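Coordinate analysis (summary)
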Amino acid sequence: MTLLDGKSLSAKLESDLNEQIATLVSQGITPGLAVILVGNDPASCAYVQMKAKACKRVGIYSVTHEMPSKITQDELLSVIEILNNDPNIDGILVQLPLPPHIQTTQVLEAINPKKDVDGFHPFNIGRLSIGIDTFVSATPLGVMNLLKSYNIDVRGKDVVIVGMSNIVGKPLASLMLNAGASVSCCHILTRDIRAYTKNADIVCVGVGKVGLITADMIKEDAIVIDIGINRLESGVLVGDVDFENVAPKTSFITPVPGGVGPMTIISLLQNTYKAAAFRLEQDKRRGQKV
């Protein structure tokens, strides 16, 4: 059994990204990321702070717009419009979840697709579904990069994804399909998850339920990607997999924490760099036309 160490890989990728961003800066472009935080949910606040610290480490200019939980839909959309038109902002990220009175879909659709570094805009989701280069949701992108770093080729593999959220499960399914895997998707209405997972070469799970995946649900030498994160009453962080009993049966498995989590952050930073590089390319084209 080998641990898929996202923490070490993300540190290496961060170092590489630092050099890439330095090259951009030398050409007059400093990548800019704007984060919109509505309300004061502790988990969201902590995550936003982590993103800000990561941006600082690699040389990305970041700004957080903290909004009251009672902000109106129109007020929030106005902020997004200002950021869409800000030439120094390459990426816009709206921290989810939003308060119930805000229509999340409408907010995400308001973001310029070229600044949608979270990969949530329908334009980018559509491009992903047909295999065109685009911004991809950070967690699924992190999963694929983690597998790639360990030379795990998903082509021809039977992959089961448990959890079909718009920000993890569905885009991960598209990435796996684009890479040549045969994909089965399980969700809350799936009657017998074990019937799918017990023969799978790769099992990915991200639903937020402690111990959902048990040893009897996994075949010998399977690869298990635990995307879930749950905090026990003791304060300990665990995933959705019964790690102690499942790990001995696997060939590769992600730990929680230290597996997929760090890869999510670095993938967001890579997307922001990608948006800034696109800005530089556009500036060069405009210069050539003058």
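As the structure is a prediction and not an experimental result, all values here were calculated from the model. (Residues numbered from 1 in each chain as written. Predicted model: local features only at pLDDT ≥ 70, side-chain atom pairs only at ≥ 80, totals over all residues. Heavy atoms only, no water.)

A closer look at the sheet that holds strand 4 (residues 91-94)
Read from one edge to the other, the open sheet built from 3 strands follows the order 3-2-4, with strand pairing classed as parallel. Pairing within the sheet leaves two strands with one partner each, and these edge strands are strand 3 (61-67) and strand 4. Averaged over all adjacent pairs, the angle separating strand axes in this sheet is 15°, with direction ignored. Pairing of strand 2 (residues 32-38) with strand 4 involves 4 bridges; the strand directions are parallel. Bridge pairing in strand 4 links Leu 33 to Gly 91. Most of the contacts of helix 2 (residues 42-58) go to strand 2, to which it runs at about 170°, and overall it touches strand 2, strand 3 and strand 4. Packing against the sheet, helix 3 (residues 73-84) makes contact with strand 2, strand 3 and strand 4, and its axis sits at approximately 175° to strand 2. (Pairing = 2+ DSSP bridges. Helix = DSSP H or I, 4+ residues; strand = E, 2+ residues; numbered from the N terminus. Axes fitted to C-alpha atoms, helices over the stretch in contact; angles between N-to-C directions. Contact = heavy atoms within 4.5 Å.)

Things to note about the UniProt feature "domain: Tetrahydrofolate dehydrogenase/cyclohydrolase catalytic" (unreviewed entry) in the chain
On the UniProt side, "domain: Tetrahydrofolate dehydrogenase/cyclohydrolase catalytic" (unreviewed entry) is annotated at positions that read residues 4-118 here. Helix and strand shares over residues 4-118 are 50% and 16% respectively, and the end C-alpha atoms of the span are 23 Å apart. (UniProt positions renumbered as here; feature names shortened; annotations may be inferred.)

Details of unusual backbone geometry
That bond from Leu 96 to Pro 97 is cis: its omega, 5°, falls within 30 degrees of zero. Examined against the element boundaries, Pro 97 turns out to sit in the loop between strand 4 and helix 4 (104-110). Geometrically, the link from Val 256 to Pro 257 is a cis peptide bond, its omega value of 0° lying close to zero.

Observations regarding the packing of aromatic side chains
Evaluated as defined, the whole model comprises 1 aromatic pair. The positively charged end of Lys 274 is found above the aromatic ring belonging to Phe 135, 5.6 Å away from the centroid. (Phe/Tyr/Trp six-rings, centres within 6.5 Å; stacked < 30°, edge-to-face > 60°. Lys NZ or Arg CZ within 6 Å of the ring centre and 35° of its normal.)

Focus on the sheet that holds strand 8 (residues 222-226)
Pairing between the strands of a sheet is mediated by backbone hydrogen bonds and can be parallel or antiparallel. Pairing in this open sheet of 6 strands is parallel, and the strands run 1-11-8-7-5-6 from one edge to the other. What marks the edges here is a single partner per strand, and that holds for strand 1 (2-3) and strand 6 (182-186). As paired strands, strand 7 (residues 202-205) and strand 8 are joined by 4 bridges and run parallel to one another. Its bridge partner being in strand 8, Cys 204 is matched across the sheet by Ile 225. Strand contacts of helix 7 (residues 169-178): strand 5 (158-162), strand 6 and strand 7, with the helix running at about 170° to strand 5, the strand carrying the most contacts.

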